Amino acid sequence: MTAIRKSGRYDAVIVGGGHNGLVCAAYLARAGRKVLVLERRHVLGGAAVTEELYPGFQFSVCSYVVSLFRPSIIRELELARHGLEIIPLETAFTPRLGDRGLCRWSDPARTRREISRFSPRDAEIHPEFSLAMTKMARYVRNLIDSPAPDPTSWNPVELWRLLRLGRELQRQGSDGVAMHLRLLTMSAVDFLDRWFESEVLKAPMSVSGIIGTFLGVRSPGTAYVLLHHYMGEIDGAFRSWGYSKGGTGGVSLACARAAESFGAEIRTESAVERIRVAAGRATGVVLANGDEIEAGTIVSSCDPRLTFLGLVGSKHLDGDFVRQIERYKLRGSSGKVNLAVDRLPRFPGREGSDFLRGDIAIAPGIDYLERAYDQAKYGEFSERPYINAVIPSIMDPSVAPPGQHVISMFVQYAPYDIKEGADNWPAKREAFGDAVVDTLAEYCPGLKESILYRQVLTPWDMEQEFGLSEGNIFHGELSLEQLLFQRPAAGWARYRTPIRNLWMCGSGTHPGGGLMGAPGQLAAQAMLNSNGKPSSG
Amino acid sequence: MTERYDIVVIGAGHNGLTAATLLAEKGRRVLVVEARDTVGGLAAGAEFHPGYRHAGILDDTRLVRPWVVDELGLDRFGLRRREPTDLLVPETGGQGLVLATTVKGSEGLSANDAESLAGYQAFLDRIAPGFAGLLDRPPIDLVDTGAGDLLRLGLAGLRLRRLGRHDLMEFLRVVPMPVADWLGEWFASDLLKAALAGPAIYSTYSGPRSPGTNANLLFSAARSEDPVAGGAPALIGAIERAARARGVEIRTGVAVTRLVIEAGRVRGIELAGGECVATGSVAASCDPRQLFLDLLPPAALALSLEAELLSFRTRGTAAKVHLALSGYPQFSSRPGRLFEQVRTGEALDELERAFDAAKYRRFSERPVLDIRFPSIETPELAPDGHHVASILVSFAPYELAGGWTESAREGLYRAVLAVLDEYAPGIERLIVGREVLTPADLAERYRLSQGHLFHGEHALDQLLIRPTPQCSKYATPLAGLYLCGSGSHPGGGLTCAPGALAAQAIRSNDM
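Each value, and the rule that gives it
- Residues numbered from 1 in each chain as written.
- Chains lettered and ligands numbered in written order.
- Predicted model: local features only at pLDDT ≥ 70, side-chain atom pairs only at ≥ 80, totals over all residues.
- Heavy atoms only, no water.
- Helix = DSSP H or I, 4+ residues; strand = E, 2+ residues; numbered from the N terminus.
- Rg over C-alpha atoms; globule rule 2.2 N^0.38 Å.
- Contact = heavy atoms within 4.5 Å.
- Core = buried A, V, L, I, M, F, W, Y, C linked by side-chain atoms within 4.5 Å.
- Buried < 20%, exposed > 50% of the residue type's maximum accessible area, 1.4 Å probe, protein only.
- Domains from an automatic or database assignment.
- Pairing = 2+ DSSP bridges.
- Axes fitted to C-alpha atoms, helices over the stretch in contact; angles between N-to-C directions.
- Buried area = accessible area lost by both parts, 1.4 Å probe.
- Salt bridge = Lys/Arg side-chain N within 4 Å of Asp/Glu carboxyl O.
- Disulfide = S-S within 2.5 Å.
- Arc of directions from axis to C-beta.
- Polar contact = N/O pair within 3.5 Å; in protein donor to acceptor, adjacent residues only side chain to side chain.
- Patch = residues over 30% accessible without salt bridge, like charges linked within 9 Å, V, L, I, M, F, W, Y side chains within 5 Å.
- Areas by Shrake-Rupley, 256 points an atom, 1.4 Å probe, with all protein chains shown as cover.

1. Some thoughts on the overall build of chain B
Scanning chain B for helices and strands turns up 16 helices and 16 strands. Radius of gyration (C-alpha) of chain B: 22 Å, near the 24 Å computed for a compact globule of 511 residues. C-alpha extents for chain B along the principal axes are approximately 70 × 60 × 50 Å. Sequence-distant contacts in chain B: of pairs separated by 6 or more residues, those separated by 24 or more amount to 74%.

Here it is, written out as structure tokens:
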């Protein structure tokens, strides 16, 4: 695994071997830098990891679908050659009690037939909605694929960029501009209410706005994330929106192999305990085993709180910056439950498994989702949560023994701060797991009897196991005040930090969390652009 | 039909009267028609029990904009400001807080919170001019941006940049935040946070955890002046005198039933009873949805505009309760003292739970109350020694499950009484009369869509585009028809700004 090195000193040490750390490493190595990646766990991937927790079953433990992985990264790092294979999601199924539910298919005609069972009018409008959203998404893609604009700068380059963003927005016509303003500020439900009447359709559509946030579908600001689904479409569904073959860890491994092919060195079971700072400058890292590694540049792919308050230490930072990091919101709100089952789950009213070749949303109504949120607000996990489940083994038999299956469930809400205190999560873990299984089993009789193994991850577990502060899967909430030029702190949205030679490349930086790889890529570009050296010094 | 009026203003509320007065210059003939028997709309006082009057459904006169007062010359018509009064935030089994305009004058704050409150107010004072500047000028049309809009956008940007990089960043950060998160960054006391958060969620479809509610907090904080002596009725009295002095004709008790439209142009209005009044221009201070959907002939509007109007959110969530009291109630947190304003809610979660009910189309079992006793300043509102309590009740949704039946109304009153009794035990013995106005009552009595006191929700999207992209600058697609009420920029409340800004727009467009 390790490439041969002439000297022990590295141009860049990257803390954390998640997908962003690995993408960043690959880009730096590709530009000829000597790069070392240090991962605390025994496996690479961070929250994008595959593990065999039960013999014969490969679990995508945390992140379970590839959302917006940037096509430019796949191309530039030749990830396909390094083993990346993404299987597109074909369906979105919403079961309903006493009914065959709603399935949206990649075939628009089929989707239309399904929706018209609930509302012919909605079925009529649905394609128009998709088209409008795709147009919007095309504009937003500009923001994801470039560093965050800075509206407070006087620099002519920045002003020009702002002006250009404004002009491109105007080119979308007045309807487009109005829609953007509304997407930015409205709640997912209010926004969808403008288009659709059927709650059977609106409920599962609205949930994409709350994934990983501590908000409800009626909370303003949740509409914007609806765009993400359509962003996948324009990137080309076959590359950016789906399962990774062999599990989500496949994405990380492909990035790792690419990085290594460019000469990067990667070490697992190498926990970084702190980042060494002398005279306002990062000089190296100290490992848990006491080893010290020097480097010209240190890059942290960990979340901002862990990076600055944990690895660096507030004594090296000025008070105002520390306050900004302290108030940065990370309230984790979701859990994962992964199952190994001995047969395919059965949903009454539907035969076969065609309708399961995508995701399954337990989102039977707006009030249901709001009630789930209300419980979380007051410090409880939702007894009847929103669940997004996938059964990757249907499309990728390599992850489970023949005839048997893996069910990977994303569950919201599971607030980090339960009223008993986060440290009491271990005592509630199985109760939470039971609530999730009970919920799914209502729609899926016989589920409980088919379970061979169950893994329950609470936000507390995610913090412990994956180093995600407060279990936040996005390294910080994706709320308006924590995006763009404010992520993670005002004036520090360009991957640099107040510590010289220390950079950030994780989901806590622009454009944020999700399996995109964009922060890692943009951070590497920023470093390479700064005097041609990865050092800001 | 001969044109006897250059312009007819629909509605004699604070915005309608403001617009009419500012339009009645240079001999222009202006008529105001009001469906109710009195002028004032939501700002009008009324007798709700024999011998007891309230001082307006909307009664926060601190929002009235000074520049509008100047333009109207209201000083000459008897408008005076007075010292703001203290606010009591009662607490079960404790002394609660008394919030004055200064931190020093406030009582019950911890040393830390007192220091934070000073910093908080200093920040608000710094950003107030920039923020108020956005709200005191015509809206910047972000949708159909013309050269003028770009210039104004640029100027607004420059003004904001004057805040300095730090405050500007902070301003941009805090505007879209949930009020709970922002106040949480400043203060430790639950009581203080709840008291400050209240105005940000009253009459909205949000709880303190909803993003964007901080904009409402800044909205009122950045524009708070001294209140008007005599309250909303005194404000209305002054504007009415100003209007009449300029020759504005005001007819009350006449409802407009229809606008006469010919070839996409306003030609006149038709009144109940069949009378037609010819005019080339109409400025409507009524709620925009009522105007467009009820007063226009069928097919006068493009379908797209109709769809936009139907999506303009007007979910009323507040009720009003007026109490006739035989004496001032004793608040056990501060017995023996008279407070003109009392605000309940002991923690942000209590406010949030009160909102939760509205989501499921129920009224809050434990509502949060914003209580005013206008009879302290104006004893004539009640018999000697008696008092009037005017209570804004959150949350009570217009769309109540099961509808607003008599028993639902009684249930809401009981819920309000239970909260009152907790802080002022025995208050029920003082009650000699009452009026409970549910959102359904408000909708009917004041012709408000879904009983919304602001003619439309104050949410970020509806503050940026108000009420629809085509009608956001007071003009409408129908020539000669303008909006001049709370459904337009900068929104509801007793600011008089929509009326004044609409008058500017009408003067520059039309006349």
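2. Considerations on the nonpolar core
Most often, soluble globular proteins keep nonpolar side chains buried together rather than apart. Counting residues in hydrophobic clusters, the biggest one holds 106 residues, and the most contacted among them are L74(B), Y120(B), W182(B) and L453(B). Per-element accounting of this core gives the leading share, nine residues, to helix α3 (residues 111–135) of chain B. Both domains that meet at this core, namely domain 1 (3–40 + 64–77 + 235–312 + 467–510) and domain 2 (108–223) of chain B, each give it at least three residues. In this structure L74(B) touches V69(B), L79(B), L235(B), A238(B), I239(B) and A242(B), once residues within four positions along its chain are discounted. Listed in part, the 60 residues of the second largest apolar core include F214(A), V337(A), L339(A) and F381(A).

3. A few points about the sheet that holds strand β15 (residues 431–437) of chain B
Residue and element names in this part refer to chain B. Pairing is mixed in the open sheet, where seven strands are placed in the order β6-β5-β12-β13-β14-β11-β15. Only two strands of the sheet have a single neighbouring strand rather than two, namely β6 (94–99) and β15. With direction set aside, neighbouring strand axes in the sheet form an average angle of 20 degrees. Summarising the sheet, strand β5 (residues 87–91) and strand β12 (residues 341–343) pair through two bridges and their orientation is parallel. Bridge pairing in β12 links L88 to V342. Helix α7 (residues 190–201) rests against β5, β6 and β12 of the sheet, and its axis sits at about 45 degrees to β6. Set on the sheet, helix α14 (residues 439–446) makes contact with β11 (318–325) and β15; between it and β15 the angle comes to about 75 degrees.

4. Considerations on the domain arrangement of chain B
Residue and element names in this part refer to chain B. Assigned domains within chain B: domain 1 (3–40 + 64–77 + 235–312 + 467–510) and domain 2 (108–223). With centres defined by C-alpha atoms, the gap from domain 1 to domain 2 works out at 30 Å. Each side of the interface is counted separately: domain 1 has eleven residues, and domain 2 has 13 residues. Taken over both partners, the interface formed by domain 1 and domain 2 buries close to 1000 Å², and the fraction arising from carbon and sulfur atoms is 52%. Among the residues of domain 1 in contact with domain 2, R65, K473 and H489 are the three that bury the most area, contributing 45% of the side total. On inspection of domain 1 and its partner domain 2, the count reaches two salt bridges. D141 serves as the salt-bridge partner of K473, at 3.7 Å between the closest nitrogen and oxygen.

5. Overview of the domain arrangement of chain A
All names here are of chain A. We note that the domain assignment places domain 1 (6–87 + 245–329 + 480–536), domain 2 (90–235) and domain 3 (331–469) within chain A. Contacts between the two partners involve 32 residues from domain 2, matched on the other side by 34 residues from domain 3. Interface area, domain 2 with domain 3, both sides summed: about 2700 Å², of which 60% is carbon and sulfur. Looking at the side of domain 2 facing domain 3, the largest losses of area belong to F93, P95 and F214, adding up to 26% of the total buried there. Between domain 2 and domain 3 we count two salt bridges in total.

6. Quick notes on the state of the cysteines
According to the stated counting rule, one finds zero disulfides over all chains in the structure shown. In this structure C471(B) is a free cysteine whose sulfur lies 12 Å from that of C286(B), the closest cysteine sulfur available.

7. Remarks on helix α12 (residues 304–312) of chain A
Residue and element names in this part refer to chain A. For α12, every residue scored as buried is listed here: P304, T307, F308, L311 and V312. Along α12, the residues classed as buried sweep out an arc of 115 degrees about the axis, all on the same side. Each element contacted by the buried residues of α12 is listed here: β1 (10–15), β10 (272–278), β12 (292–300), α13 (319–327) and β18 (502–504). Among the residues of α12, the N-terminal cap falls to D303, whose side-chain oxygen and the backbone nitrogen of R305 are separated by 3.0 Å. Positive backbone phi, approximately 100 degrees, marks G313, located one or two places after α12.

8. Things to note about the interface of chain B and chain A
The interface is formed by 39 residues belonging to chain B together with 38 residues belonging to chain A. With both sides pooled, the region where chain B packs onto chain A buries about 3600 Å², and carbon together with sulfur makes up 51% of that total. The three residues of chain B that bury the most area against chain A are R161(B), M169(B) and Y360(B), which together make up 18% of that side's buried surface. Our count for the contact surface shared by chain B and chain A stands at 13 salt bridges. Its salt-bridge partner being R315(B), residue D190(A) comes within 3.1 Å of it at the nearest N-O pair. Applying the counting criterion to the chain B and chain A interface returns 20 residue pairs in polar contact (both at pLDDT 80 or more). Mapped by element, the contributors of at least two residues to the side of chain B that touches chain A are α4 (147–161), α5 (165–174), α6 (179–186), α11 (303–311), α12 (348–359) and α15 (460–464) of chain B. For the side of chain B that touches chain A, the leading source of residues is α5(B), giving seven residues.

9. Observations concerning a nonpolar patch on the surface
Among the surface-exposed residues, W154(A), L159(A), L151(B), L155(B) and L158(B) lie close enough to one another that they form a single nonpolar patch of about 510 Å² accessible area. Top contributing element to the nonpolar patch by residue count: α4(B), with three residues. Inspection of the secondary structure puts L159(A) in helix α5 (residues 156–170). On the basis of relative accessible area, L159(A) is assigned to the partly exposed category, the value being 32%.

10. Structural notes on the side chain of D122(A)
All names here are of chain A. Position of D122 among the secondary structure elements: in helix α4 (residues 120–144). We classify D122 as buried; its relative accessible area is 0%. Only 2.6 Å separates the side chain of D122 from the backbone nitrogen of S198, close enough to count as a polar contact. Other than its neighbours up to four places away in sequence, D122 contacts I115, W195, F196, E197, S198 and L201.

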